[in-house]
Every structure is written in C-alpha cells, then in structure tokens.
Amino acid sequence: MTSNRTDCHYCLQSLRGRKYALREENAYCVTCYDSLFANPCEECKKPIECDSKDLAYKGRHWHERCFNCAKCSRSLVEKPFAAKDELLLCTECYSNEYSSKCFHCQKTIMPGSRKMEFKGSSWHESCFVCQYCQQPLGTKPLITKDNENYCVPCFEKQFAHHCYSCKKVITSGGVTYHDQPWHKECFVCAGCKTQLSGQRFISKDEYPYCVDCYSRFYAEKCAACKKPITALGGAKFISFEERQWHGECFNCAKCSVSLVGEEFLTKQDDVLCNECGSA
C-alpha cells in the first residue's frame, strides 16, 4: 500500500510514495518490516516477506510455494495433510508409509478416519461388523470363532449349545450326557434332584441317577448279603436262575470258598462247592 504517513517507525526514512506495513499501529518500510518481523520459512529458511503469504502450522511457518509434502513434493495448500516426526505428508504418502491396514479388507485406514483395535489388529469401523447380521460391533461385547467376529446374540443363535433340560444357552462349561449338552446345575439325579456334575452316577432308561437312588429303585439285591448290586465301576456279579450275587459274595454256603469260575451245586437256596455238596 502507498503511505501518507511521514516516516518508517524504525529507520525513520520517509514513506511518501513507498509501500509499507503496519504493526501495532506503527508503519514500517518493507525492508525494515521483513528484517524485524518476517518469519523464517521452515523449508527454504528464507524470510517470509510481508508481500508473501505466510502459512503456519503448530508454531512453524512456510512460504506458500514451500508448503509441500516432504515425500512426493506435492503442494499441501488447502489440502488435508498429516505430520510425522515433524515432517508434513499428504494423506496418500502418510497412509502408504505409516497407516495400518484393515484386518478385514486389507486396505489402508486413512488418517482421520475412525480405527477399531481388536486382538492386536486394526479395522475400519465399517469393516468391524458381526459376521452374521453385519451390524457394527463398535464397543459391544463380541465372541470370535474361526477368526470371525459375532455379536453375542448372533453367536448364541448360530453356535451356542442349549441345555437339554432347561433349553437355555450354555455360556460356559456344561456337561455332555447321551450326546446332549446340559448346564452343570441342570444335570441332576432323576430321583432326588441332587447335582451329578463331577459325581458318580448310573443311567437307567436314558435318565441319570445317583448311586443311592439307583440302588433304591432299580438295583438287584445280592442273594447273599441282600445289598444292592449296582455294577458301579465295573464290579463283577454272578447271575444264576434269576438270582444275583456280588462277585465277592458268591461263596460256598458251608466252607465259604469262592465259587467264581468254579463248578458248584445248589441245595434249596444255598450254593455249595462240589466237595460240600457231595458230602
């Protein structure tokens, strides 16, 4: 601009007919203004004169012609850019050098876009969705199966086991009985309803029974000791003419010798070894 002011505030030379710059209501000739106040360009290190555009970013300054991508040298004026280690980069160069790739689509996650992190991998927000319903997972609870993510309702619908007894989802643990899943708390004796998880039990007509209930309701009684024969744990028992004995109870009624695997004779309700039976 041309001045009507009298003199430069610094060198005191006349400003009549000359260009000048104002600072804090004081007028300076261009030479004095540039030497006193011009910012050095971050790129070329030369002063940014008062008749040049001064582009500033985080306390640093550039000539308009020097405000370029540090990698590809394209102008960043009025364009989005990113900073890395004090270097300015266009979004394309920044993405190629530093941006992570989306685990799902393998495309670059551009600076400024929302990024989801899960199990050490990065995802576009639009790619981080339930594999089944395709709804965004965001920060919702999720379950992973075969490297695919599912919201909890979809996972339960597709994969979770349902208890054979109460029909509700088994979220953890559980018991398998006759190829059917059960909650531990639902796997109970068909007689007394005692929980059987981790306990010894016996099957009868596809229902589980604790040892006591099975013995009380179904077990045959030993002809010798009159106690139930449960065969629990593979215990041996002897059966003869609709009578049963524990293996350890199948002895000669007179001399008590074991008759398991031996020939024997019967006399009324007694079983006898050949020697006692022949006497």
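Note that the structure is predicted; figures quoted are calculated from it, not measured. (Residues numbered from 1 in each chain as written. Predicted model: local features only at pLDDT ≥ 70, side-chain atom pairs only at ≥ 80, totals over all residues. Heavy atoms only, no water.)

A. Quick look at the packing of aromatic side chains. Evaluation of the coordinates by the stated rule reveals 19 aromatic pairs. For the pair Phe 240 and Phe 264, a centre-to-centre distance of 5.3 Å together with 85° between the ring planes defines the contact as edge-to-face. One end of the pair, Phe 240, is in strand β17 (residues 237-240); the other, Phe 264, is in strand β19 (residues 264-267), with 24 residues separating them in the sequence. Owing to a relative accessible area of 25%, Phe 240 belongs among the partly exposed residues under this scheme. Here the aromatic cluster, defined as three or more aromatic residues joined through ring pairs, consists of Tyr 164, Tyr 177, Trp 182, Phe 187 and Phe 201. When the ring centre of Tyr 164 is taken as origin, the NZ or CZ atom of Lys 167, which lies over that ring, is 4.9 Å away. (Phe/Tyr/Trp six-rings, centres within 6.5 Å; stacked < 30°, edge-to-face > 60°. Helix = DSSP H or I, 4+ residues; strand = E, 2+ residues; numbered from the N terminus. Buried < 20%, exposed > 50% of the residue type's maximum accessible area, 1.4 Å probe, protein only. Lys NZ or Arg CZ within 6 Å of the ring centre and 35° of its normal.)

B. Representation of the nonpolar core in the model. Membership of the largest hydrophobic core comes to 15 residues, with the highest contact counts inside it found for Trp 182, Phe 187 and Cys 189. For this core, the secondary structure elements donating two or more residues are β11 (175-177), β14 (207-210) and α4 (211-217). Excluding residues within four positions of it along the chain, Trp 182 makes contact with Cys 163, Tyr 164, Ser 165, Ile 170, Gly 174, Val 175, Tyr 177 and Phe 187. Counting residues in hydrophobic clusters, the runner-up holds 14 residues, among them Ile 48, Phe 67, Ala 82 and Leu 89. (Core = buried A, V, L, I, M, F, W, Y, C linked by side-chain atoms within 4.5 Å. Contact = heavy atoms within 4.5 Å.)

C. Structural detail: the domain arrangement of the protein. Here the domain parsing of the protein yields domain 1 (20-97), domain 2 (100-159), domain 3 (160-218) and domain 4 (221-278). Here domain 1 and domain 4 have C-alpha centroids that lie 107 Å from each other. (Domains from an automatic or database assignment.)

D. Here's a closer look at the state of the cysteines. A complete count under the given rule lists zero disulfides for this structure. Cys 133 provides the cysteine sulfur closest to Cys 130, a residue in no disulfide bond, and the two sulfurs are 3.7 Å apart. Accessibility expressed as a relative area gives 0% for Cys 130, which makes it buried. (Disulfide = S-S within 2.5 Å.)

E. Structural context of the pairing of strand β20 (residues 270-273). Pairing between β19 and β20: four bridges, direction antiparallel. Across the sheet, Lys 267 pairs through a bridge with Asp 270, a residue of β20. Hairpin connection of β19 to β20: two residues between the antiparallel strands, including Gln 268 at a positive phi of 55°. (Pairing = 2+ DSSP bridges.)

F. Spatial organisation of the pattern of salt bridges. Following the criterion strictly, the structure yields four salt bridges and no others. Note that Glu 125 is salt-bridged to Arg 114, the shortest N-O span being 2.9 Å. Placement of the pair is Glu 125 in the loop between β8 (121-124) and β9 (142-145) and Arg 114 in the loop between α2 (91-97) and β7 (115-118), with a sequence separation of 11 residues. Take Glu 125: its relative accessible area is 33%, and that puts it in the partly exposed class. The exposed category is assigned to Arg 114, whose relative accessible area is 51%. One salt bridge connects Glu 117 with Lys 115, and the closest N-O pair in it is separated by 3.3 Å. (Salt bridge = Lys/Arg side-chain N within 4 Å of Asp/Glu carboxyl O.)

G. Summary view of the UniProt feature "domain: LIM zinc-binding" (unreviewed entry) in the protein. Those residues carrying the UniProt feature "domain: LIM zinc-binding" (unreviewed entry) are residues 39-99, 100-161, 162-219 and 220-279 in this numbering. Between the end C-alpha atoms of residues 39-99 the distance is 32 Å, and the span holds 11% helix and 26% strand. Helix makes up 12% of residues 162-219 and strand 24%. Its end C-alpha atoms lie 32 Å apart. (UniProt positions renumbered as here; feature names shortened; annotations may be inferred.)

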